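# Coordinates in review
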Amino acid sequence: MSNHNHKIGFIGGGNMARSLIGGLVSAGYPPEALSVADPNESIRSALATDFGINAMADNQQVMDQCDVVVLAVKPQVMQTVTSALQIEQHKEPLFLSVAAGIRTASLARWLGVETAIVRAMPNTPALVQSGATGLFANPHVSPEQRDLAESIMRAAGLVQWIKDEALMDAVTALSGSGPAYLFLVMEAMEHAAQKLGLPAETARLLTVQTAFGAAKLALEIEEDPALLRENVTSPGGTTERAIQVLRQEGLEDMFYKALQAARDRAHELADELGK
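Here the structure is a predicted model, which means the values were calculated and not measured. (Residues numbered from 1 in each chain as written. Predicted model: local features only at pLDDT ≥ 70, side-chain atom pairs only at ≥ 80, totals over all residues. Heavy atoms only, no water.)

## A closer look at the pairing of strand S5 (residues 94–97)
As a general feature of sheets, a regular strand has side chains that alternate between the two faces. Because side chains alternate across S5, one face comprises the buried residues Leu94 and Leu96, and the other comprises Phe95 and Ser97, equally buried. Bridge analysis of strand S4 (residues 68–71) against S5 gives four bridges, and the strand direction is parallel. Bridge pairing in S5 links valine 70 to leucine 96. For S5 and strand S6 (residues 116–121), the ladder comprises four bridges, and the chain directions are parallel. Bridged to phenylalanine 95 within S6 is isoleucine 117. (Buried < 20%, exposed > 50% of the residue type's maximum accessible area, 1.4 Å probe, protein only. Helix = DSSP H or I, 4+ residues; strand = E, 2+ residues; numbered from the N terminus. Pairing = 2+ DSSP bridges.)

Now the structure itself:
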C-alpha cells in the first residue's frame, strides 16, 4: 500500500476487523499505525499479540488517535457506538463502515456531523483474503479518502465502487449473501455424488476443488461465464445432458427470485436499523 501516513483505527475487533488488520499488515502496513478498540480483553490481547497493533478498551481513544475509523461492530449496536463518539471540530476523519445494512445517512445522523463516510459491503471470504466488497462514498469523501478506503478493503480481496447507494442492497443480495448460495450448490452436488455411490470424503473434496477451479478459471481467463460453460459443454455429451435438466428445472429463474428476495430483505433491514 502506497500511503502509510494514516493512522487507521478499528472499532470492534471481530472476524472482519481481524481479517482486514491481517491483510493490511501482510501488505506492509506498519502495525504501529493500526489500533483497535474492543470491550473483550481476550480479543484485544489476541490482536495485539498476533499483529503487534495497539489494542484498547476505549472507542473514544481510537477516535482521537486516528484519521480513519473503521466501524466494525454488529449492525444492531452501531447506533449506540456511533452516538457515543465525540468528534473534534477541526478533525475530519474518514469513517469506513463494514456493518451490513447501515446507510450512510443513518451513520451521519448518529455521529452528529456531516463527515466523510464510506459504506462497505464485504462478504465472509474476506476472512481468507478472498472477499468481494461493494463500496459507496458519500459526497464528503475526498479522492484521497476514497483511495484509502479502497486500499483498506483491498487487503481482504476484490473491490467494486457503487455510484448509487440504493444499489448496495443488490450488492448485499449478490456478493454479501452469495457465498451461502454457492455453499448450498456445493452441498447439493456433494449429496448427489454420494447418492451415485462416491464415498463422502471423495465427494466433498471433488466438489470443493471443482468450485474453486471454476471460480479461478472465470477470474483468470476473464471470459463470459456463458462462454466458459459452452467450452465444457460438448454437443451430445454428459455436461449438456446435465445443463438441460438444470434449465428445465428453472435454475436461472430461481436465482433471480432468490436475489430479488435477498435485495428486498436488505432494504427492509436498512429501514429497521436506520430508525
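## A few points about helix H7 (residues 168–176)
All of the buried residues in H7 are Met168, Asp169, Val171, Thr172, Ala173 and Ser175. Of the surrounding elements, those touching the buried residues of H7 are S6, strand S7 (131–137), helix H8 (178–195) and helix H12 (251–273). (Contact = heavy atoms within 4.5 Å.)

## Let's talk about the sheet that holds strand S8 (residues 157–161)
Spatially, S3-S2-S1-S4-S5-S6-S7-S8 is the arrangement adopted by the eight strands of the open sheet, whose pairing is mixed. Here the strands that pair on one side only, and so sit at the sheet edges, are strand S3 (54–56) and S8. When strand polarity is set aside, the average angle formed by the axes of neighbouring strands in this sheet is 20°. As judged from the four bridges shared by strand S1 (residues 8–11) and S4, these two strands associate in the parallel manner. Residue glycine 9 lies in a different strand from S4, and its bridge partner there is valine 69. Relative to S6, helix H5 (residues 104–111) is tilted by about 135°, and along the sheet it contacts S4, S5, S6 and S7. (Axes fitted to C-alpha atoms, helices over the stretch in contact; angles between N-to-C directions.)

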